[in-house]
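# Tertiary structure, described
The chain contents come next:
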Amino acid sequence: MKLKLKYQIYGSHSILIIWESRIDYDILKDILLVKEIILNYYSNKIQDCTNGYNSLLIVYRHEVSNQQLVFLERLCNSRKHNKSDIENTTWEIPICYHVSLGMDLEEFANSKDLNTDQVIEMHSGPIYTVYCKGFLPGFMYLGGLNERLYCDRKAVPLLQVPKNSVAIGGKQTGIYPMQSPGGWHIIGRTPVDLFDISKKEPSKIKIGDRIKFKAISLTVYIEMDSVIDKTKLIKKID
């Protein structure tokens, strides 16, 4: 079934396409299909094309008009869902859930009437999908979180969340690829560097890829954290 889209001019050089507001794998597939069509058709006319959970922002090199909006809508409405699934890679990322690294783990568990082991099991159990990236370079918004772990973001954000912190916010989980302010609940940390600007490919993980967390001990975390090139700690599992 073809999903219904909304189109609107978004500033002088951009058009925003909007899908239904929910975290949904079929919507992600449709967004990536539309994105591919647009990039193929407008390869020399587009400056940027960025997706969110339910939107796609196209930034043109020229000013846009209502005529451009109508043409884009016709182009997208002609799409056919001939892809059965998204081409993706599944990655295994080691996570240490020790309380010394997960500063909010115990408080978070108590707020959910769970113990820390239950939170760890629920968080490391699913295979997540990378729905979009943003906020920080390499920050992945992951869908697939166990509903028991849904939570509001912190009322007062931290000014400095440590690099590689694993956190939960709303219906999502993610990893802070660098030190930054943040309002999600910190439950652990990975020794893996998920974004390295010195690399030809700063981030190996693409939108649509899958993520599986592997719980590791503090001892193993310390050993892995001593590795010079921490981007190599990520592992393909498919």
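The following refers to the structure shown. (Residues numbered from 1 in each chain as written. Predicted model: local features only at pLDDT ≥ 70, side-chain atom pairs only at ≥ 80, totals over all residues. Heavy atoms only, no water.)

### A short note on the sheet that holds strand 4 (residues 55-60)
Cut-off, in case you're wondering: Criterion used throughout: strands pair if DSSP finds at least two bridges between them. Each helix corresponds to a stretch of at least 4 residues labelled H or I by DSSP, and each strand to a stretch of at least 2 residues labelled E; elements are numbered beginning at the N terminus. Axis definition: a line fitted to C-alpha atoms, over the contacting stretch in the case of helices. Angles run 0 to 180 degrees between N-to-C directions. Here, two residues are considered to be in contact whenever any of their heavy atoms come within 4.5 Å of each other.
An order of 1-2-4-3 is seen for the four strands of this open sheet, with the pairing classed as antiparallel. Here the strands that pair on one side only, and so sit at the sheet edges, are strand 1 (6-9) and strand 3 (46-51). When the angles between neighbouring strand axes are averaged without regard to direction, this sheet yields 15°. With respect to the sheet, helix 1 (residues 25-41) is in contact with strand 2 (14-18), strand 3 and strand 4, its orientation differing from that of strand 3 by roughly 175°.

### Digging into the packing of aromatic side chains
Our working definition: Geometry of aromatic contacts follows a simple scheme: Phe, Tyr and Trp rings, the Trp one being its six-membered ring, pair when their centres are within 6.5 Å, and the pair is stacked under 30 degrees between planes, edge-to-face over 60, tilted otherwise. Per-residue accessibility, obtained with a 1.4 Å probe over protein chains only, is compared with the maximum for each type, and a residue is labelled buried under 20%, exposed over 50%, and partly exposed between these values.
The final tally for this structure, using the stated rule, is 12 aromatic pairs. Ring centres of Y42 and Y60 lie 5.8 Å apart, and the angle between their planes is 85°; this geometry places the pair in the edge-to-face category. A residue pair is termed long-range when its members are at least 10 positions apart, and Y42 in the loop between helix 1 and strand 3 and Y60 in strand 4 qualify at 18 residues. Each member of the pair, Y42 as well as Y60, carries the same accessibility label: buried. Ring geometry for F135 versus F139: centroids 5.4 Å apart, planes at 90°, classification edge-to-face. By relative accessible area, which is 1% here, F139 ends up buried.

### Observations concerning the pairing of strand 13 (residues 210-216)
In terms of strand pairing, strand 5 (residues 90-96) meets strand 13 through seven bridges, oriented parallel. Note on strand 13: the bridge partner recorded for I93 is F213. Sheet analysis places strand 6 (residues 127-133) next to strand 13, joined by three bridges and oriented antiparallel. If you follow Y128 over to strand 13, its bridge partner there is I211.

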